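# A closer look at the structure
For reference, the chains in residue letters:
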Amino acid sequence: MRPNVSEAVQTVNPDVSSACRVPYRVFTDPQFYRREQDRIFKGDCWSFVALEAEIAEPGDFKSTFVGETPVIVTRDSDGSIHAVVNRCAHRGALVCREMRGNRPSLECVYHQWAYDLKGNLIGVPFRRGLKGQGGMPGDFDMSQHNLKKLRTESVAGLVFASFSETVESCRDFLGPLVVEQIERIMHKPIKVLGDQRQRIHGNWKLYAENTRDPYHASLLHLFHNTFGLYRSTQTGKSVMDASKRHSLLYSIAASNDDAQDKQAYGNSRTFDTEFKLQDMSLLKGRQEFDDGVTLVILAVFPNLVLQQIQNTLAVRQTVTTGPDEFELVWTHFGYEDDDAEMQMIRLKQANLIGPAGLISMEDGEAVEIVQDAVVGEDRDASYIAMGGGRAEDADHLVTEGAIVGFWENYREMVGFELQQS
């Protein structure tokens, strides 16, 4: 029998003593979702909001989200970058309805209240009334009615924003491991190639698990395994930052042995040499990095993945819309000095990722089949123990340690306990 409202806070699953046991209710209960918005997305965290290259020129803006809160990222005339809540201080209307653009100021269409690119209120129509009638109160102070401003910091061309005035600097929040990996990929000026957007009917944390999970990659993704882009037999690692909130998964293609692969995968449905490509040029690329690494999945808490898969480079931003739905925004990019051949390689390999990507199309489906199965489950929990069930780094690819690290941070920030109604 479920406890009634008057009872104290209850443990969702009394047996949950480790972050490798995650109550399914965290994926479905609106109470968890509300706590996440307050304690993670509006709490002491930095969320990814843009590439600097998306707002390259003065007057450029981008509409996006931090959690479920709409925000606008702008570049002012002095080159500075700002982030403000996309909500007019007058009646709460969206100020920007376009995804991107360029303009000298921000203006709400409802009553034409205008703001500069820092979010300061600079114009209110009929503020002093008309013909001696109406208008705002005499003590109305425009400086008290700006758009809500977020802190912003950039790291190697990635823009992060935070509602918190107390959170550590963005570089300290990310830590040396993450900063080093960002700088590895963002080591020279980039150009944006385009976006893909995917609405996934599942909880955003299921995708956070997925991107910290090297165990699934060769078992779920036929294309990865069959064509050798990623196999668990390859040289690779799964490591975390000191806080264990962020993780790095990397592998090196062609570091494996075909005979051992056949033995390891045996009758696996995702190791099928009968599959052929009509156009093998999709897999022909260039080695770009001296370290030989061909796959990088850098999962940055709470809402960013920075990826390198062969020669396709992208950021993935998670936008929460409810307990059982989120949007995944993929922004592809290359380097400004790419020649025509490399640009063509990147455009072809863009078919590997995104909603219908030859690799990544299964991930959205995986999220949804978990969500469908855990709806209504109040007591049971998952069991995340591959590699030992602890938040530990691994110099191999058969581990779920980084997922446990994610849940240790989540439990500290949000908790696995909520009052039940």
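Quick summary incoming for the structure in this document. (Residues numbered from 1 in each chain as written. Predicted model: local features only at pLDDT ≥ 70, side-chain atom pairs only at ≥ 80, totals over all residues. Heavy atoms only, no water.)

## Some remarks on the packing of aromatic side chains
With the rule as written, the count across this model stands at 12 aromatic pairs. Ring geometry for Tyr-207 versus Phe-326: centroids 6.0 Å apart, planes at 45 degrees, classification tilted. Placement of Tyr-207 in helix α3 (residues 204-210) and of Phe-326 in strand β18 (residues 325-335) is noted, with a sequence separation of 119 residues between them. Accessibility expressed as a relative area gives 3% for Tyr-207, which makes it buried. Using a relative accessible area of 0% as the deciding quantity, one classes Phe-326 as buried. Taken together, the ring pairs connect Phe-27, Phe-41, Trp-204, Phe-301, Phe-406, Trp-407, Tyr-410 and Phe-416 into an aromatic cluster. We note Lys-42 situated over the ring of Phe-163; from NZ or CZ to the ring centre the distance is 6.0 Å. Against the face of Phe-289 rests Arg-184, its NZ or CZ located 3.9 Å from the ring centre. (Phe/Tyr/Trp six-rings, centres within 6.5 Å; stacked < 30°, edge-to-face > 60°. Helix = DSSP H or I, 4+ residues; strand = E, 2+ residues; numbered from the N terminus. Buried < 20%, exposed > 50% of the residue type's maximum accessible area, 1.4 Å probe, protein only. Lys NZ or Arg CZ within 6 Å of the ring centre and 35° of its normal.)

## A word on the sheet that holds strand β16 (residues 304-309)
An order of β12-β18-β17-β16-β15-β14-β13 is seen for the seven strands of this open sheet, with the pairing classed as antiparallel. Edge positions in the open sheet fall to β12 (190-200) and β13 (235-240), since each of these has one partner strand only. Taken over all neighbouring pairs, the strand axes of this sheet differ in orientation by 15 degrees on average, direction set aside. The sheet contact formed by β12 and β18 spans 10 bridges and is antiparallel. Counterpart to Gln-198 in the pairing with β18 is Leu-328. (Pairing = 2+ DSSP bridges. Axes fitted to C-alpha atoms, helices over the stretch in contact; angles between N-to-C directions.)

## Overview of the side chain of Ser-47
With respect to the helices and strands, Ser-47 occurs in strand β2 (residues 47-51). On the basis of relative accessible area, Ser-47 is assigned to the buried category, the value being 1%. In contact with Ser-47, not counting residues within four places along its chain, are Phe-41, Val-66, Val-159, Phe-160, Ala-161, Pro-302 and Asn-303. (Contact = heavy atoms within 4.5 Å.)

## Considerations on the nonpolar core
One finds Phe-160, Leu-174, Ile-182, Phe-333 and Trp-407 to be the most contacted residues of the largest nonpolar core, which totals 91 residues. With seven residues, helix α2 (residues 170-185) is the single largest residue contributor to this core. Membership of the second largest hydrophobic core comes to 16 residues, among which are Phe-61, Leu-106, Leu-121 and Leu-147. (Core = buried A, V, L, I, M, F, W, Y, C linked by side-chain atoms within 4.5 Å.)

## A word on the sheet that holds strand β3 (residues 60-66)
Paired through backbone hydrogen bonds, the strands of a sheet run either parallel or antiparallel to each other. Ordered in space as β2-β11-β10-β5-β4-β3-β6, the seven strands form an open sheet in which the pairing is antiparallel. Taken across any chain shown, the strands that pair with only one partner, and hence form the sheet edges, are β2 and β6 (100-102). For this sheet, the mean angle separating the axes of adjacent strands, direction not counted, is 30 degrees. The pairing of β3 with β6 spans three bridges and is antiparallel. Bridge pairing links Asp-60 to Asn-102 in β6. This element, α2, spans β10 (149-155) and β11 (158-162) of the sheet and lies at about 30 degrees to β10.

## Remarks on the pattern of salt bridges
This structure, assessed with the given rule, holds 22 salt bridges. The shortest N-O distance in the salt bridge between Lys-205 and Glu-36 comes to 2.6 Å. Here Lys-205 is found in helix α3, whereas its partner Glu-36 is found in helix α1 (residues 30-41), with 169 residues between them in sequence. For Lys-205, a relative accessible area of 0% puts it in the buried group. You can call Glu-36 buried: its relative accessible area is 0%. The partner of Arg-100 in a salt bridge is Asp-195, and the shortest N-O contact between them spans 2.7 Å. In this pair, Arg-100 is assigned in strand β6 and Asp-195 in strand β12, connecting sequence segments 95 residues apart. Among the charged side chains, a salt-bridge network with shared partners connects Glu-54, Lys-62, Arg-100 and Asp-195. (Salt bridge = Lys/Arg side-chain N within 4 Å of Asp/Glu carboxyl O.)

## With respect to the side chain of Asp-363
Take Asp-363: it is sitting in helix α8 (residues 361-374). In this view, Asp-363 contacts Tyr-207, Asn-210, His-216, Leu-220 and His-221; residues no more than four positions away in its chain are not counted.

## Observations concerning the pairing of β18
The side chains of a regular strand alternate, first on one face of the sheet and then on the other. Counting buried residues in β18 gives 10 out of 11 residues, a clear majority hidden from the surface. Strand direction decides the pairing type here: strand β17 (residues 312-322) and β18, joined by nine bridges, are antiparallel. Within β18, the residue paired with Leu-313 across the bridge is Phe-333. The loop that links β17 with its antiparallel partner β18 comprises two residues.

## Some details on helix α9 (residues 401-413)
Along an α-helix, a turn takes 3.6 residues, which lines up residues three or four apart on a common side. Between its first and last C-alpha atoms α9 spans 19 Å; for 13 residues at 1.5 Å apiece the expected length is 18 Å, and the two agree. Along α9, the residues classified as buried are Gly-401, Ala-402, Ile-403, Val-404, Gly-405, Phe-406, Trp-407, Asn-409 and Tyr-410. On its buried side, α9 packs onto α1, α3, β13 and β14 (247-252). At the C-terminal side of α9, Gly-415 shows a positive phi close to 90 degrees. (Expected span 1.5 Å × (residues − 1).)

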